Amino acid sequence: MKCDIKIYTLWYAENSSFLRYAALPRENVCTENLTPWKKLLPCDTRRGLAMLLHPAPLYTAHYHALSIHLRPTCQDESCTSSHLELVQALSLVQNPTVSMEGHQDWSLRQLFSAPLISTCPLASMSKVYVDVTTNKDRQSFILYPEPDSIDVSGSGDSLRHLAVYDARQALNNDIFDLEAHYQSRHVYGLIPPPHLHVSRFVTGYGQEGGSITVKLTNTGGQPLSVVYLEVLPWYLRLFLHTSHTHQQMQSAYMSKLVTARDRERGWLYEAVVEIPAGATKELSLEFTRALLKWLEYPPDANHGFYIPAATVSVVLPTPRNVSVNSLDGTCLKDKLILNEGASFVRIHTETLLVSLPTPDFSMPYNVICLACTVVALAFGPIHNITTKKLVLKKIEDKASPLSKLLTKLKSLLKRSKMEEKETKGTDNKQEPVIVEENPLYDDREELEDIKEEEESEEDKTASEDENKKDR
Amino acid sequence: MNTPWAECIAKRVELSTPLNSWKRVEEGVFLHSQGIAVYSGGVFHETPFCLLFGGFLIRSWQSYLHLIFVGCDLLTAALLASVASSYSRQLLEQQKNAVSQFASDASHLLLTSSALGTGVVYVAAAYLFCPYTIASCVAQTTSVFANLIIAAAFASMVKGYPVIFGTLVALVAYQSFYPVCLMVPGILFFMQNDSHNLKAALLKPLLSFLVSLGLLMVISAEVAGGWEFLEATYGFILAAPDLTPNIGLFWYFFTEMFEHFRLFFLATFQINAFVYVLPLAIRLRKDPVLLATALLAFTAVFRSYPALGDVGIYLSLLPMWKHLYPFMRQTFIVGCMFVATSVLGPIMYNLWIFSGSANANFYFAVTLAFNTAQVMQG
């Protein structure tokens, strides 16, 4: 492996249209994630350091993270052709203090339930590093076997002592089990807090709205300028005007905002926040929750939706509490050496679980039927009103209804022409009668009285109006 | 409006839909002031004119905002009252001409001149004291402005100003799309009043409508910097992609809809809002004001994002036909349904969204009942 390769990222860095960002908010912990990751290694897990990676100790650890990093690099000094660099990393946090009755003693066999028995023949280098910066003069613990060498780099905050083991030499046809023996029981002391820490959470109650609140705390002695990047799905509809008033915008600057479109694209929100020394800044994004179509919900809809982590990018003044700040390095050897001065750090916040209002998934047919019924309830009467005609009929005429009339007509039609004429005559009589001809409505005088009254009243009002105008 | 309740009321889904909530106007104005393309996103669906107007209000009148909403409501009530007085005077005249044709036992159904004054008072009171309009005014929804323009359009129709009528209908159709069907009763009205010059009566409102709509569109494109706003406003109204609960029929229906039927039912439901225009226009051609009110009622029920503000305005117009109340069927049942659903709606919504002890069906049932009540009353 060549460790002196130049990074070939300028071309990508200059053109931001090549930049893509995606986040998977949640993945179930499962050995199925480990297996494809292991297959990318040159010797799989059949040989080499990867033989240590047994699923059981890995997944019972307090914290574990699998990662692969890909980036384009130059193949040689002249940089005529590029190639992709793949870095695989696995981080584990275990707590041997509990199992060792207060002692922090650890060994490879204990951490990975197996010692190292072989190295990968394809690997050009196979080394184990132990950070012994806190173990000055071997006061607190003793490593067994003794390290091949101890690399010392940096000073002050960037000081680092690394015990180096070459696995190939250490093996030497034998098993290699690295052990650390502590002199005394572990006493938990004050741990210096990191320069910047971020916590993100959802506020509000109910499934109508809410707010994503981010607390950024600067514990250092110098003000920090932090870039906060949030990518949210469209079904959280952000309302920024409530949290971005003039007052709040004095210490924060919204550098980028891409508004979401329903079912097309999500939100992209980027803000630059100034945090004074030793202060906490709060950023909040108010949102309302959308009701989705019933087929857009995941299988367990009431569990909620995972919202991807936001990223916080910052340049810290000192490399305190920073594990890696040399981003150009390719090999672990280079990365473990801390650079002096400003160091770039990117922090990922917690993922969030947001529950959206859910419809009832069991009754689409009922809903469709009932809603259509209401529409039909409107359509029916209107069809009735618009197609039927109101017709007045003689009240005293107790003649048979139309059907009887028709049968009469039919029977009459069978008779001679003379009789047909007669039927026509009767037909005319049965025609609807207009109101005017209705004999019942002959008391007109009353109506005329009403008419006169109204007219006189109108005259009165008219004259009053005129009087008013005159005045 | 200054009480802490105002915020609660403004959040009510019955009053504030994605189309008319003031919060979204504020958000749009904020985004616009930040130089972000408002219409490329999914939050703001008001027209560019509303964006300008809202921006102006927020910048210059922020502290008097509630007074402006109240003022608009008062103005609407005054306009509706003037509509009621002119219209009932016309009705009375018609009745006088035709009085010889009426039956004597129909006299209690006739309009009396004493009812003229009370009718006006009833209409104004119905608008001003209707809980729906009060609530939507407190919630500061843009329905208040839409109602004002509708009332002004009614007034210009009844008083016989065809050009102003066309412009106002263009404005309100531009704002909320569905009132475009008010053109039909308007043209009918002018044609009946001006029977010797039918062509002018037809062309005047139509031309003024088209010209003002065209002007509004061009100005909007100028303000929004492109035609993208069409998709964000009218596309949003027609395609109904936002399924936030409201009092309408659309939200739950299209939440539960099967994907391959969606387009078909969307088209059916949107056509449903307009399909009643023609038959009702033929049936009620003699009374265009009643036709206009009926159309207003139907679009209030069948629009994609209905709010209680839309219901309020047509309810307040109904006292104009107070003398015909004996003919109304199921008045008691409908009244009870209105009261019950108005009370149960927020309760069911709270149970679903906040308590988690009910599900969406409860609220849906209430909205169904509310719409049934509206339909039955129509």
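Computed from a predicted model, the values in this text were never measured in an experiment. Residue positions are given per chain, counting from 1 as you read along its sequence in written order. Working convention: letters from A go to chains and numbers from 1 go to ligands, in the order in which they are written. Local features in this predicted model are restricted to residues whose pLDDT is 70 or higher, and side-chain atom pairs enter the listing and the counts only when it is 80 or higher, whereas totals over whole chains, interfaces and linings include all residues. Note that water and hydrogens are dropped before the side-chain values are worked out from all heavy atoms of the structure.

## Notes on the overall build of chain B
Here is step 1 of the chain: Secondary structure counts use DSSP, requiring at least four H or I residues in a row for a helix and at least two E residues in a row for a strand, with both numbered from the N terminus. Counting its secondary structure elements, chain B contains 18 helices and 0 strands.
Here is step 2 of the chain: This radius of gyration counts C-alpha atoms alone. The globule rule is 2.2 Å times how many residues there are, raised to the power 0.38. For a compact globule of 378 residues, the expected C-alpha radius of gyration is about 21 Å, and chain B comes in at 21 Å, within 12% of that figure.
Here is step 3 of the chain: Its C-alpha atoms put chain B at 65 × 50 × 50 Å along the principal axes.
Here is step 4 of the chain: For chain B, the residues scored as buried account for 59% of the 378 residues in total.
Here is step 5 of the chain: In what follows, a contact means two residues having at least one pair of non-hydrogen atoms within 4.5 Å. A fraction of 74% describes how many contacts in chain B between residues 6 or more apart in sequence connect residues 24 or more apart.
Here is step 6 of the chain: Accessible surface, chain B: about 15,200 Å² in total, of which carbon and sulfur atoms supply 71%.
Here is step 7 of the chain: Within this scheme the basic residues Lys and Arg register as positive and the acidic residues Asp and Glu register as negative, but His and the chain ends are omitted. Taken as the charge location is NZ of Lys, CZ of Arg, CG of Asp or CD of Glu. Taking the 17 positively charged and 17 negatively charged side chains of chain B as two groups, their mean positions are separated by 11 Å. Using a 1.4 Å probe on the protein chains alone, a residue whose accessible area is under 20% of its type maximum counts as buried, one over 50% counts as exposed, and one in between counts as partly exposed. Areas reported here follow the Shrake-Rupley algorithm with a probe of radius 1.4 Å; residue values treat only the protein chains shown as occluding.

## Concerning the environment of A:Glu340
All names here are of chain A.
Here is step 1 of the chain: By the secondary structure assignment, Glu340 is in the loop between helix H7 (332-335) and strand S18 (343-348).
Here is step 2 of the chain: Judged by relative accessible area, which is 53%, Glu340 ranks as exposed.
Here is step 3 of the chain: Spatially, the C-alpha atoms of Glu340 and Ser158 are 6.0 Å apart, while their sequence positions differ by 182 residues.
Here is step 4 of the chain: Residues in contact with Glu340, not counting those within four places in the same chain, are Ser155 and Ser158.
Here is step 5 of the chain: A distance of 2.5 Å separates the side chain of Glu340 from the side chain of Ser158, its partner in a polar contact. Throughout this description, a polar contact denotes any pair of N or O atoms lying within 3.5 Å of each other; where both atoms belong to protein, one of them has to be capable of donating a hydrogen while the other can accept it, and for residues adjacent in sequence the pair is counted only when both atoms sit in side chains.

## Remarks on the interface of chain A and chain B
Here is step 1 of the chain: Opposite the 61 residues of chain A that make contact, chain B presents 68 residues.
Here is step 2 of the chain: As used here, buried area is the combined drop in accessible area, with a 1.4 Å probe, of two parts when they are placed together. Surface buried jointly by chain A and chain B totals about 5,800 Å² across both partners, of which 64% is contributed by carbon and sulfur atoms.
Here is step 3 of the chain: Salt-bridge contacts for A:Lys293 lead to B:Glu259; the nearest nitrogen and oxygen are separated by 3.8 Å.
Here is step 4 of the chain: Taken together, the elements giving at least two residues each to the side of chain A that touches chain B come down to strand S12 (236-239), strand S13 (252-258), strand S15 (280-289), helix H8 (364-387) and helix H11 (444-470) of chain A.
Here is step 5 of the chain: With 15 residues, the single largest contributor to the side of chain A that touches chain B is H8(A). Any carboxyl oxygen of Asp or Glu that lies within 4 Å of a side-chain nitrogen of Lys or Arg is treated as forming a salt bridge with it.

## Some remarks on unusual backbone geometry
Here is step 1 of the chain: Of the consecutive residues A:Tyr144 and A:Pro145, the connecting peptide bond is found in the cis state with omega at -5°.
Here is step 2 of the chain: Relative to the helices and strands, A:Pro145 resides in the loop between strand S5 (141-144) and strand S6 (149-153).
Here is step 3 of the chain: Within the chain, A:Asp44 stands out as a residue other than glycine whose phi angle is a positive 55°.
Here is step 4 of the chain: Assignment of secondary structure puts A:Asp44 in the loop between helix H2 (31-39) and helix H3 (55-59).
Here is step 5 of the chain: For A:Asp44, a relative accessible area of 18% corresponds to the buried category.
Here is step 6 of the chain: A positive phi angle, close to 45°, is found at B:Ala240, a residue other than glycine.
Here is step 7 of the chain: With respect to the secondary-structure elements, B:Ala240 resides in the loop between helix H11 (228-239) and helix H12 (250-255).

## Let's talk about the domain arrangement of chain A
A common measure of how large an interface is: the accessible area buried when the components associate.
All names here are of chain A.
Here is step 1 of the chain: In this entry, domain limits derive from an automatic or database-based domain assignment. Parsing chain A into structural domains produces domain 1 (31-182) and domain 2 (196-354).
Here is step 2 of the chain: Between the C-alpha centres of domain 1 and domain 2 there is a distance of 31 Å.
Here is step 3 of the chain: Counting the surface lost from both domain 1 and domain 2, the interface buries some 1,100 Å², and carbon and sulfur atoms represent 51% of this.
Here is step 4 of the chain: Ranking the residues of domain 1 by area buried against domain 2 places Asp157, Ser158 and Arg160 at the top, with a combined share of 43%.
Here is step 5 of the chain: At the boundary of domain 1 with domain 2, the tally comes to 0 salt bridges.
Here is step 6 of the chain: Inspection of the region where domain 1 meets domain 2 yields 4 residue pairs in polar contact (both at pLDDT 80 or more).
Here is step 7 of the chain: Any residue outside Ala, Val, Leu, Ile, Met, Phe, Trp, Tyr, Cys, Pro, Asp, Glu, Lys and Arg is labelled polar, Gly included; the first ten of those are nonpolar and the last four are charged. A class-by-class count of the residues in the side of domain 1 that touches domain 2 yields 3 nonpolar, 3 polar and 4 charged.

## Some thoughts on a nonpolar patch on the surface
All names here are of chain A.
Here is step 1 of the chain: Patch construction takes residues with relative accessible area above 30% that form no salt bridge. Like charges are linked within 9 Å, and nonpolar side chains (Val, Leu, Ile, Met, Phe, Trp, Tyr) are linked within 5 Å. Judged by side-chain polarity, Leu40, Ile68, Leu70, Leu84 and Leu86 come together as a nonpolar surface patch covering roughly 490 Å² of accessible area.
Here is step 2 of the chain: Among the elements of the structure, strand S1 (63-74) and strand S2 (82-93) are those that each provide at least two residues to the nonpolar patch.
Here is step 3 of the chain: Within the secondary structure, Leu84 is located in strand S2.
Here is step 4 of the chain: Leu84 gets classed as exposed once you look at its relative accessible area, which sits at 60%.

## Topic: the side chain of A:Asp105
Residue and element names in this part refer to chain A.
Here is step 1 of the chain: Secondary-structure assignment places Asp105 in the loop between helix H4 (96-99) and strand S3 (106-107).
Here is step 2 of the chain: Here Asp105 occupies a buried position and makes no salt bridge, while the nearest side chain of opposite charge, Arg185, is found at 10 Å.
Here is step 3 of the chain: One polar contact links the side chain of Asp105 to the main-chain amide nitrogen of Tyr182, over a distance of 2.8 Å.

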